[in-house]
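Okay, here's what each chain looks like letter by letter:
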Amino acid sequence: MRICIAGLGGVGGYFGGRLAVAYETSAEHEISFLCRGEHMNRIREKGLVVTTPRETFVAHPRVVSDSPAEIGCVDVLFFAVKGYDLQAFAKAARPLCHNQTLLIPLGNGVDNADILCKEKIPGILFNGCVYISAFIASPGEIRQVGGNCKMIVGPVNDHIEKHRSFEKVMKEGGILFELTPEIDLAVWTKFIFMSPMAAVTTLKRASFGEVLSQKRTRDMVLNLMKEVESLAQKRGIALPGNIVEVSLEKAQSFPPETRSSMELDASKGRPTELETFVGAVVRLAEDAGISVPLYEKVYKALLQE
Ligand SMILES: NC(=O)C1=CN([C@@H]2O[C@H](COP(=O)(O)OP(=O)(O)OC[C@H]3O[C@@H](n4cnc5c(N)ncnc54)[C@H](OP(=O)(O)O)[C@@H]3O)[C@@H](O)[C@H]2O)C=CC1
Ligand SMILES: CC(C)(CO)C(=O)C(=O)O
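Fair warning: this is a prediction, and the values are worked out from it, not measured in the lab. (Residues numbered from 1 in each chain as written. Chains lettered and ligands numbered in written order. Predicted model: local features only at pLDDT ≥ 70, side-chain atom pairs only at ≥ 80, totals over all residues. Heavy atoms only, no water.)

A.B. asks: Would you mind showing me how to read the UniProt feature "domain: Ketopantoate reductase C-terminal" (unreviewed entry) in the protein here?
C.D. replies: Here, UniProt's "domain: Ketopantoate reductase C-terminal" (unreviewed entry) annotation points to residues 183–302. Between the C-alpha atoms that bound residues 183–302 there is a distance of 29 Å. The span itself is 75% helix and 0% strand. (UniProt positions renumbered as here; feature names shortened; annotations may be inferred. Helix = DSSP H or I, 4+ residues; strand = E, 2+ residues; numbered from the N terminus.)

A.B. asks: Would you explain the pattern of salt bridges in this entry?
C.D. replies: Two side chains of opposite charge can pair, provided their charged atoms sit close to one another. Taken as a whole and assessed by the stated rule, the structure comprises 17 salt bridges. Measuring nitrogen to oxygen at the nearest pair gives 2.5 Å for the salt bridge that ties Asp219 to Lys215. With a gap of four residues between them, Asp219 and Lys215 both fall in helix α9 (residues 215–234), about one helical turn apart. Classification of Asp219 as partly exposed rests on a relative accessible area of 26%. Counted as one network, the salt bridges with shared partners bring together Glu161, Arg164, Glu167 and Lys171. (Salt bridge = Lys/Arg side-chain N within 4 Å of Asp/Glu carboxyl O. Buried < 20%, exposed > 50% of the residue type's maximum accessible area, 1.4 Å probe, protein only.)

A.B. asks: Explain the site of ligand 2 here, please?
C.D. replies: Around ligand 2 sit Asn108, Ile132, Ser133, Lys190, Met194, Phe208, Phe254, Ser260, Ser261 and Phe277, and those are all the residues in its vicinity. The contact in question runs from an oxygen atom of ligand 2 to an N or O atom on the side chain of Asn108, over 3.3 Å. The contact in question runs from an oxygen atom of ligand 2 to an N or O atom on the side chain of Ser261, over 2.6 Å. The fraction of the free accessible surface of ligand 2 (290 Å²) that becomes covered by protein chains is 86%. Those elements that provide at least two residues to the shell around ligand 2 are β8 (124–138) and α7 (183–204). Per-domain counts for the shell around ligand 2 show at least three residues from each of domain 1 (2–181) and domain 2 (186–303). (Near = heavy atom within 4 Å. Polar contact = N/O pair within 3.5 Å; in protein donor to acceptor, adjacent residues only side chain to side chain. Areas by Shrake-Rupley, 256 points an atom, 1.4 Å probe, with all protein chains shown as cover. Domains from an automatic or database assignment.)

A.B. asks: How should I be thinking about the packing of aromatic side chains in this particular structure?
C.D. replies: Remark: the centre distance and the inter-plane angle together describe each pair of aromatic rings, the angle taken between the planes. One pass over the full model with this rule turns up eight aromatic pairs. Measuring from centroid to centroid gives 5.0 Å for Tyr14 and Phe15, while their planes differ by 90 degrees, and the two rings are edge-to-face. Assigned by exposure class, Tyr14 and Phe15 land together as buried. Between Phe166 and Phe177, the aromatic rings sit 5.5 Å apart at their centres with planes inclined by 85 degrees, giving edge-to-face as the arrangement. Of this pair, Phe166 sits in helix α6 (residues 164–172) while Phe177 sits in strand β10 (residues 176–179), placing them 11 residues apart in sequence. Residue classification places Phe166 among the buried positions, given a relative accessible area of 1%. Clustering of aromatic rings is evident, with ring pairs tying together Phe78, Phe126, Phe166 and Phe177. Of note, Lys190 hangs over the ring of Tyr131, and the distance from its end group to the ring centre comes to 5.5 Å. (Phe/Tyr/Trp six-rings, centres within 6.5 Å; stacked < 30°, edge-to-face > 60°. Lys NZ or Arg CZ within 6 Å of the ring centre and 35° of its normal.)

A.B. asks: When you look at the state of the cysteines in this model, what are you seeing that I'm missing?
C.D. replies: Evaluated as defined, the whole model comprises zero disulfides. We note that Cys35 lacks a disulfide partner, and the nearest cysteine sulfur, in Cys4, lies 9.1 Å from it. Cysteine Cys97 remains unbridged, with the sulfur of Cys73 as its closest cysteine sulfur at 7.1 Å. In this structure Cys97 comes out as buried when scored by relative accessible area, which is 8%. (Disulfide = S-S within 2.5 Å.)

A.B. asks: Please explain the pairing of strand β2 (residues 30–34) as it appears in this structure.
C.D. replies: Along a regular strand, successive side chains alternate from one face of the sheet to the other. With five of five residues buried, β2 lies mostly within the body of the structure. Judged by which residues are buried, β2 turns out to be covered on both faces: Glu30, Ser32 and Leu34 on one side and Ile31 and Phe33 on the other are all buried. As judged from the five bridges shared by strand β1 (residues 2–6) and β2, these two strands associate in the parallel manner. Along β2, the bridge assignment pairs Arg2 with Glu30. Pairing of β2 with strand β5 (residues 63–65) involves three bridges; the strand directions are parallel. Its bridge partner being in β5, Phe33 is matched across the sheet by Val64. (Pairing = 2+ DSSP bridges.)

A.B. asks: What should I look at first to understand the packing of α7 against helix α12 (residues 274–288) in this one?
C.D. replies: The angle between the axes and the distance between the axes are what describe a pair of packed helices. Where α7 meets α12, the axes come as close as 9 Å, and the angle between the chain directions of the two elements is 110 degrees. In terms of their interaxial angle, α7 and α12 are classed as roughly perpendicular. For the pair α7 and α12, the sense of crossing is left-handed. Touching Trp188, Phe191, Met194, Ser195, Ala198 and Ala199 of α7 are Thr276, Phe277, Val278, Val281 and Leu284, all from α12. Residue classes in the contact of α7 with α12 are distributed as nine nonpolar, two polar and no charged. (Axes fitted to C-alpha atoms, helices over the stretch in contact; angles between N-to-C directions. Parallel < 35°, antiparallel > 145°, perpendicular 65-115°, else oblique. Left-handed = near helix turned anticlockwise from the far one by under 90°. Contact = heavy atoms within 4.5 Å. Nonpolar A, V, L, I, M, F, W, Y, C, P; charged D, E, K, R; others polar.)

Structure follows, in structure tokens:
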């Protein structure tokens, strides 16, 4: 099986690194990295160094390139770029894909599969989400600092049984991996927790603990979660009845000093995933004909920054 990880940041670097180590000498499976710039140069020279709280390992994938054509057609393509790069990368991804390529977005967000679908890339559309906290510490070096490192993926419109061999490759590749027939449910379950937390922590430039310990901001998170819940319901996503309470508890289970990736990006003056985390809810609600007044207000405020 030929597997390409596109985007070697915190997410792509951790999961790609694990797979590349596991299959470094395999005659059957081949891992390639699509990355760019100084990061790519360092990985080519020295391999990708991945440090976790328990170990450090160095991954040497079979191919490291910034050119989809150089990598060529693969059987599995993981999209591990930020939401704002997904469409542009999807447009460039065609040389990597054939009709049976599994196309798997791993980023935060509930519209990633729609974005890929619109680009009409050949392949079988999946969706996915990951529970991890990781980042590029320096070119060629990934640091994983939190999360249980679980990857959950599933086909959007295909039979799950066809994909058991892929599941085996992922599990034998050292990934804590779940292949689910209910990928929408998994993706929305993550989103209903992460989108409100990203929105409020960014608006207030505050940590998880600061936001959740003050009634005003905690209520804001709660009300945003309720708006996501009503949107999910309207789209036929069967979230459990206590999803808001469970999601709030999930947010509370993080160390209080946790900062969301969107707040960190905003505070550093970098591009943010505002459209992925917040704008998408406003657009999907409009399409579904439902009202999300608090999301609209927060979106407007963040757009004006
Ligand atoms: N990091 C985390 O802990 C978690 C992240 N996520 C989500 O996962 C997604 C990825 O996040 P993360 O890994 O942090 O992102 P990063 O910014 O760390 O990494 C993305 C990488 O993709 C590269 N890239 C973008 N476009 C291309 C391209 N066309 N060709 C080659 N490389 C490209 C970027 O390169 P360059 O720097 O040159 O732009 C960057 O190195 C996001 O949606 C995020 O919200 C979800 C859970 C946890
Ligand atoms: C869960 C968390 C906080 C881990 O980095 C995250 O996914 C994000 O900030 O985008």
